Amino acid sequence: MLEKDWLSGAKLAPNSHIDAPVTAHLLPREQGNTYLGVLRLNKPKALNALDLEMVQVLTGFLSEWQKDVSVSAVLLLGEGEKAFCAGGDVVSMHRAMQKQREQENLAPNDTLDKAPGFIQDFFTQEYQLDYFISQYPKPIVCWGTGIVMGGGLGLFAAAKHAIVTETSHIAMPEITIGLFPDVGGSYFLNKMPTGMGLFLGLTGASINAKDALFLGLAKHVLHSSVLPQLVEHLLRSPQLADQDVSAILDDLQVSPESQSPELEGLSGKLPPFKDAFASFADVNGVQDIEQALKEIASQHEDNVWLQKALKGLQRGSPITAHLVVEQLRRGRDLSLAACFQQEINIAVSCSMHGEFQEGVRALLIDKDRQAKWRYTEWGDVPASFIASHFTYFDVSENPLLHIDSVLTAN
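Along every chain, residues carry numbers that run from 1 in the direction the sequence is written. With the structure being a predicted model, the display of local features is reserved for residues of pLDDT at least 70 and the display and counting of side-chain atom pairs for 80 or more, all residues being used for whole-chain, interface and lining totals. Hydrogens are left out, water is left out, and the side-chain values use all remaining heavy atoms of the structure.

S.K.: Sorry, what's going on with the sheet that holds strand β6 (residues 147–149) here?
M.R.: Strand pairing in a sheet relies on backbone hydrogen bonds, with the paired strands running either antiparallel or parallel. Pairing between strands requires that DSSP locate at least two bridges from one strand to the other. Each helix corresponds to a stretch of at least 4 residues labelled H or I by DSSP, and each strand to a stretch of at least 2 residues labelled E; elements are numbered beginning at the N terminus. Strand order in the open sheet made by the three strands is β4-β6-β8, with parallel pairing throughout. In this open sheet, the two edge strands, each paired with only one partner strand, are β4 (83–85) and β8 (169–171). Taken over all neighbouring pairs, the strand axes of this sheet differ in orientation by 15 degrees on average, direction set aside. Summarising the sheet, β4 and β6 pair through two bridges and their orientation is parallel. Counterpart to A83 in the pairing with β6 is I147. Angular values range over 0 to 180 degrees, each being the angle between N-to-C directions of two axes fitted as lines to C-alpha atoms, with helices fitted over their stretch in contact.

S.K.: Is there a simple way to think about the sheet that holds strand β2 (residues 35–41) in this case?
M.R.: Within the open sheet, the six strands sit side by side as β1-β2-β3-β5-β7-β9. Their pairing is mixed. At either margin of the open sheet sits one strand with a lone partner, and together these are β1 (22–28) and β9 (220–221). As defined by bridge partners, β1 adjoins β2 across seven bridges and the pair is classed as antiparallel. Along β2, the bridge assignment pairs V22 with L41. Working rule for contacts: check all heavy atoms of both residues, and any pair within 4.5 Å makes them a contact. Sheet strands in contact with helix α1 (residues 52–67) are β1, β2, β3 (71–78) and β5 (140–144), and its direction is about 175 degrees off that of β2.

S.K.: Would you take a moment to explain the packing of helix α2 (residues 90–103) against helix α16 (residues 355–365) for this structure?
M.R.: Helix-helix packing is characterised by the crossing angle of the two axes and by the distance between the axes. Taken N-terminus to C-terminus, the directions of α2 and α16 make an angle of 130 degrees; their axes are 9 Å apart at the nearest point. The angle between the axes of α2 and α16 places the two elements in the oblique class. Relative to α16, α2 is oriented so that their crossing is left-handed. Residues V90, V91, M93, H94, M97, Q98 and R101 of α2 form the contact with α16, whose participating residues are F356, Q357, V360, R361, L364 and I365. When an angle is under 35 degrees it counts as roughly parallel; over 145 it counts as roughly antiparallel; between 65 and 115 it counts as roughly perpendicular; any other value is oblique. Note on convention: near helix rotated counterclockwise from far helix by under a right angle means a left-handed crossing. Clockwise means right-handed.

S.K.: Help me out: how do you make sense of the pairing of β2 in this one?
M.R.: Across a regular strand the side chains alternate sides, sitting on one face of the sheet and then on the other. The element β2 is largely enclosed, with a buried count of six among its seven residues. Here β1 hands over to β2 after six residues, with N33 in that stretch at a positive phi of 60 degrees. Here a crossover is taken to be right-handed if, once the strands point away from the viewer, the path from the first strand over the helix to the second is traced clockwise. Once you follow β2 into α1 and on to β3, the crossover reads as right-handed. The buried label goes to any residue with under 20% of its type's maximum accessible area, the exposed label to any with over 50%, and the partly exposed label to all in between, with areas taken from a 1.4 Å probe on protein chains only.

S.K.: Please explain the environment of A159 as it appears in this structure.
M.R.: Mapped onto the elements of the fold, A159 is located in the loop between α4 (151–158) and β7 (161–164). On the basis of relative accessibility, which here comes to 8%, the residue A159 falls in the buried class. Residues A159 and L75, 84 residues apart in the sequence, show an inter-C-alpha distance of 9.8 Å. Apart from residues lying up to four places away in sequence, A159 is in contact with I133, I140 and C142.

S.K.: Mind showing me how you'd approach the nonpolar core here?
M.R.: One recurring pattern in soluble globular proteins is that nonpolar side chains are buried together. For our purposes a nonpolar core is just a set of buried Ala, Val, Leu, Ile, Met, Phe, Trp, Tyr and Cys residues, chained together by side-chain atoms within 4.5 Å. Membership of the largest hydrophobic core comes to 107 residues, with the highest contact counts inside it found for L39, W65, F123, F199, F277 and F356. Other than its neighbours up to four places away in sequence, W65 contacts A13, A24, H25, L26, G37, V38, L39, V71, V74, Y136 and K138.

S.K.: Which parts of the structure should I look at to understand the environment of S72?
M.R.: In this structure, S72 sits in strand β3. Each C-alpha atom of the pair S72 and S279 lies 45 Å from the other, and the pair is 207 residues apart in sequence. Setting aside residues up to four positions removed in sequence, S72 forms contacts with R29, T34, Y35, K138, P139 and L240. A 3.5 Å cut-off defines polar contacts: any pair of N or O atoms within that distance qualifies, except that in protein one atom must be a possible hydrogen donor and the other a possible acceptor, and neighbouring residues in sequence count only when both atoms are side-chain atoms. Within the structure, the side chain of S72 is placed 3.4 Å from the side chain of R29, a separation counted as a polar contact.

S.K.: I would appreciate a short explanation of the packing of aromatic side chains in the present structure.
M.R.: The way to describe two aromatic rings as a pair is by their centre distance and the angle between their planes. Any two of the Phe, Tyr and Trp rings considered here, Trp counted by its six-membered ring, make a pair once their centres fall within 6.5 Å; the pair's planes then place it as stacked at under 30 degrees, edge-to-face at over 60, or tilted in between. If you walk through the whole model with that rule in mind, you get 14 aromatic pairs. Seen from their ring centres, F118 and F122 are 6.4 Å apart, and the 35 degrees between their planes marks the pair as tilted. In this pair, F118 and F122 both sit in helix α3 (residues 117–134), four residues apart, roughly one turn of the helix. Under the relative-accessibility criterion, F118 is labelled partly exposed at 29%. Among the residues examined, F122 registers a relative accessible area of 1% and is labelled buried. Plain terms: the ring middles of Y127 and F340 are 5.6 Å apart, the flat faces sit at 35 degrees to each other, and that makes the pair tilted. Placement of the pair is Y127 in helix α3 and F340 in helix α15 (residues 336–350), with a sequence separation of 213 residues. The residues Y127 and F340 share a single accessibility class, namely buried. Taken together, the ring pairs connect F118, F122, F123, Y127, Y131 and F340 into an aromatic cluster. Counted as over-ring charges are cases with an Arg CZ or a Lys NZ within 6 Å of the ring centre that also lie within 35 degrees of the ring normal. The lysine or arginine in question, R330, covers the ring of F390, its NZ or CZ lying 4.2 Å from the ring centre.

Here you go:
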């Protein structure tokens, strides 16, 4: 049986080092001359927030292991118990936006002449990585324990074998910082039961492991203590095709450890509201959705989670709220690749108008939680302004135009 600290003595992969923001290990499997690749996000003090270097390192090792016939499968996890990944490194993005605004001598809500190059680079490479994971030809197992938010959810949702635990806290809280639920949110939020994706995108509400199963974000829920056993099974299995990994996870899901009181006592927050949230499909626009949510919340005044979700919408960015509605409307019938092509337009546009910069300032820089949004009322946001977020690039100049070729390019 592997010990709890099973990774501490494992051999690092070539070109990796123990203090890197992403570490890479190759664990020998019992099937001769084959390995389990382990990629560990290694910034626990920052809740493993994903920066550009980490995106590049992850892409590099996944590209290398894709071609290496000795690597049978990949395990993706975060260092520490608090978080798999709490999102993208938006503080670095804030610095880039602030610097660009100072160079152009603009006020906080003035529109930039051009988007910061760093912003375009980050989102382009992050979305390419997410798409690469979704199309990866070998099994990728993602251990989504602790906080799984924003950019972390992008990695998690892309993996074929996404696992949640009793400690998982999942959210797309971009409305609190004036961004939007990206990293494929246009796709996976639309795959949820009617109204659920819209609710999560508009409120930033946090959900748990049972909710993730209900929504289809995860296929398996295991107790957090089962990780060493999972690794041991992956190392011992004669074969590691996707069906073999699924069978391993099926067995572990019914193991005594995963039938723990913590998991048995966990109840989903979303299922009781399945029919109520489905009604969002019958209303038009943010104001009508907010009114519908208020009516639902008024019938459940003792539900702290639901009341907090309502406040998340009411206090969040009015621009983001409109973007969520529009991105999901436009993304409803798009492929995953087309959703990323849409999202790079929105993401770069969000860096232009000051909303995203102000949201990060209020939440993470000054931490006063008093964001001064560009528009104070939902009705004040021009439809033409929202539409402009989807057309930053000409189609032929979209940096993700050829994202479908990501596998052959790596």
